[in-house]
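# Fold and geometry: a report
As a plain string of letters, each chain reads:
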Amino acid sequence: MHILVTGGAGYIGSHTCLELLSCGHRVTVVDNLSNASIESLSRVETLTGRKVNFCKVDLLDRQGLRGVFKSCDARFDAVIHFAGKKAVGESVANPLLYYHNNITGTLVLAEVMAEYGVKNIIFSSSATVYGDPATVPISEDFPLSCTNPYGRTKLMVEEILQDIVVADPQWNVCLLRYFNPVGAHKSGLIGEDPHGTPSNLMPYISQVAVGKLAQLSVFGGDYETKDGTGVRDYIHVVDLALGHVKAVERIVQNPGVVICNLGTGKGYSVLEMVRAFAEVSGKEIAYKIADRRAGDIAACYANPAKALRELGWQTQYGLHEMCEDTWRWQQNNPNGYGREIM
Ligand code: WQD
């Protein structure tokens with residue numbers, strides 16, 4: 001099948017393109033490279049021996065996007081929509097940027113898809129749509145609420161896409177709610193490449209281990225969790241990518257709306273992550289217990305049962321591989337795609 005991947009040069013996008021190509025699919029990527037490097041896709045081509053059809057286009061550029069559909073005779077069996085801004089803190093500081101980029105960008109994408117009769121879309125949603133859940137593990141029928149503009153863009157896009165299906169049942173929509181993506185492809189050639197100081201835990205830990213950062217601040221040691229630190233469902237990015245391959249196979253069966261959590265179903269605390277990474281890397285991870293981070297919740301992990309039922313998918317990589325593969329990528333690429341150790 002031929003899949004259009006928006007944001008396909010990014011962290012999760014590039015890993016998904018690799019798995020799609022490895023399964024024999026054709027891939028066209030649309031990315032404005034505002035938060036990604038084209039190097040990720042050239043490495044995907046090296047790893048797979050397959051070509052990626054890349055188009056440097058911003059989703060807000062309707063004519064440019066039409067050109068992509070026209071040049072491919074609009075023969076896309078499905079669209080996987082990753083493109084979007086995703087920094088919680090930035091979204092609080094600049095909500096209009098997030099609503100314009102994430103919502104308007106999706107509206108333009110959906111309108112151009114409709115123009116060309118492409119009506120299968122897999123959307124990169126997030127566990128953030130569950131807000132602060134009353135209990136864990138989290139199932140897809142849990143109440144939805146958001147505490148920041150970034151999360152609200154995810155929830156609004158979910159609603160928009162479901163409304164499109166109601167209006168035109170020829171559409172099929174798959175909403176994939178990611179928990180906490182971490183890790184890297186085992187080759188160490190592609191991985192997470194945060195710009196500036198990482199806000200997420202795993203890349204921060206790995207930069208402490210490699211000596212780029214001095215010390216981890218553990219945001220809160222007094223949560224009602226196993227050791228007082230935040231608990232999350234960390235999922236290996238390759239597992240996440242394989243979940244998208246399964247979603248492509250599912251969406252062409254005309255399922256209507258499919259909503260799935262993509263998580264392991266296990267929760268690990270910050271201190272458990274620190275210990276696991278120290279063991280894998282053989283490096284001491286200096287940390288201090290600091291104040292809680294605004295907007296953080298105590299615990300968040302998935303009930304993954306529905307993804308197994310609906311997609312025939314479940315995770316296969318554990319915490320050791322998540323740390324091992326992150327560490328290999330970090331060591332080989334201390335400055336991400338900017339420069340590698342020669
Ligand atoms: C994980 C845990 C922190 C950094 C966010 C987004 C979510 C998704 C994934 C996009 C928490 C603690 C972190 C640090 C720390 N992104 N922590 N020190 O906040 O669960 O989710 O990223 O889709 O939408 O909200 O991930 O990695 O930032 O934090 O103690 O320097 O690590 O408090 O308990 P989070 P995270």
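Conventions and cut-offs
Residues numbered from 1 in each chain as written. Predicted model: local features only at pLDDT ≥ 70, side-chain atom pairs only at ≥ 80, totals over all residues. Heavy atoms only, no water. Core = buried A, V, L, I, M, F, W, Y, C linked by side-chain atoms within 4.5 Å. Buried < 20%, exposed > 50% of the residue type's maximum accessible area, 1.4 Å probe, protein only. Helix = DSSP H or I, 4+ residues; strand = E, 2+ residues; numbered from the N terminus. Contact = heavy atoms within 4.5 Å. Salt bridge = Lys/Arg side-chain N within 4 Å of Asp/Glu carboxyl O. Phe/Tyr/Trp six-rings, centres within 6.5 Å; stacked < 30°, edge-to-face > 60°. Lys NZ or Arg CZ within 6 Å of the ring centre and 35° of its normal. Near = heavy atom within 4 Å. Polar contact = N/O pair within 3.5 Å; in protein donor to acceptor, adjacent residues only side chain to side chain. Areas by Shrake-Rupley, 256 points an atom, 1.4 Å probe, with all protein chains shown as cover. Nonpolar A, V, L, I, M, F, W, Y, C, P; charged D, E, K, R; others polar. Expected span 1.5 Å × (residues − 1). Pairing = 2+ DSSP bridges. Axes fitted to C-alpha atoms, helices over the stretch in contact; angles between N-to-C directions. Parallel < 35°, antiparallel > 145°, perpendicular 65-115°, else oblique. Left-handed = near helix turned anticlockwise from the far one by under 90°.

Now for the nonpolar core. Core analysis: the biggest nonpolar cluster contains 40 residues, and Val5, Leu20, Val27, Ile122, Leu176 and Leu262 have the highest contact counts within it. Looking at this core element by element, the count peaks at 7 residues for helix H8 (residues 237-251). Ignoring any residue separated from it by four or fewer positions in sequence, one finds Ile122 in contact with Val79, Ile80, His81, Cys174, Leu176, His244, Ala247, Val248 and Ile251. Judged by nonpolar contacts, the second largest core, of 28 residues, contains Leu65, Val68, Ala110 and Phe123.

Once that is clear, we can look at the side chain of Ser40. With respect to the secondary-structure elements, Ser40 resides in helix H2 (residues 38-48). On the basis of relative accessible area, Ser40 is assigned to the buried category, the value being 0%. Apart from the residues lying within four places of it in its own chain, the contact partners of Ser40 are Ala9, Ser14, Ile190 and Tyr337.

All right, on to the pattern of salt bridges then. Evaluated as defined, the whole model comprises 11 salt bridges. For Arg328, the salt bridge identified is with Asp325, shortest N-O distance 2.9 Å. Here Asp325 and Arg328 lie together in helix H11 (residues 319-332), a separation of 3 residues that amounts to about one turn. Judged by relative accessible area, which is 27%, Arg328 ranks as partly exposed. With relative accessibility at 6%, the residue Asp325 sits in the buried group.

Two numbers describe a pair of aromatic rings. These are the distance of the centres and the angle of the planes. If you walk through the whole model with that rule in mind, you get 4 aromatic pairs. Look at Trp329 and Tyr337: their rings are 5.0 Å apart centre to centre, the planes differ by 55°, and that puts the pair in the tilted class. Following the ring pairs from residue to residue traces out a cluster consisting of Phe69, Phe76 and Tyr116. Positioned over the ring face of Tyr223 is Arg292, at 4.0 Å from the centre of the ring.

Attention shifts here to the site of the ligand. With respect to spatial proximity, 18 residues lie near the ligand, and among them Tyr150, Leu201, Ser217, Arg232 and Asp296 are the closest. Within the contact set of the ligand, an oxygen atom lies 3.0 Å away from a side-chain nitrogen or oxygen of Asn180. In the environment of the ligand, an oxygen atom lies 2.8 Å from a nitrogen or oxygen atom belonging to the side chain of Arg293. The fraction of the free accessible surface of the ligand (690 Å²) that becomes covered by protein chains is 88%. The element best represented in the shell around the ligand is strand E8 (residues 216-219), accounting for 4 residues. Looking at the shell around the ligand, its residues break down into 8 nonpolar, 7 polar and 3 charged.

Attention shifts here to H11. The first and last C-alpha atoms of H11 sit 20 Å apart over 14 residues, in line with the 20 Å expected at 1.5 Å per residue. For H11, every residue scored as buried is listed here: Leu319, Met322, Cys323, Asp325, Thr326, Trp327, Trp329 and Gln330. Each element contacted by the buried residues of H11 is listed here: H2, strand E7 (180-182), helix H7 (201-209), strand E10 (234-236), strand E12 (268-269) and helix H9 (270-281).

Attention now moves to the sheet that holds strand E4 (residues 78-81). Pairing within the open sheet is parallel, and its 7 strands lie in the order E3-E2-E1-E4-E5-E6-E11. The strands lining the two open edges of the sheet, one partner per strand, are strand E3 (53-55) and strand E11 (257-262). Between one strand axis and the next, the sheet turns through 20° on average, direction left out of account. Bridge count between strand E5 (residues 120-126) and strand E6 (residues 172-178): 7 bridges; the pairing is parallel. Counted as the bridge partner of Phe123 is Leu175 from E6. Contacts between helix H1 (residues 11-22) and the sheet are confined to strand E1 (2-6), strand E2 (26-30), E4 and E6, with E2 contributing the most and set at about 160° to the helix. The sheet strands contacting helix H3 (residues 62-71) are E1, E2 and E3, and the helix crosses E2 at an angle near 165°.

The next point concerns the packing of H9 against H11. At their nearest, the axes of H9 and H11 sit 9 Å apart, and the two run at 60° to each other. Judged on the interaxial angle alone, H11 and H9 are oblique. As for how H9 packs across H11, the hand of that crossing is right-handed. Residue-level contacts link Met273, Ala276, Phe277, Val280 and Ser281 of H9 to Leu319, His320, Cys323, Glu324, Thr326 and Trp327 of H11. Among the residues making up the contact of H9 with H11, the classes are represented as 7 nonpolar, 3 polar and 1 charged.

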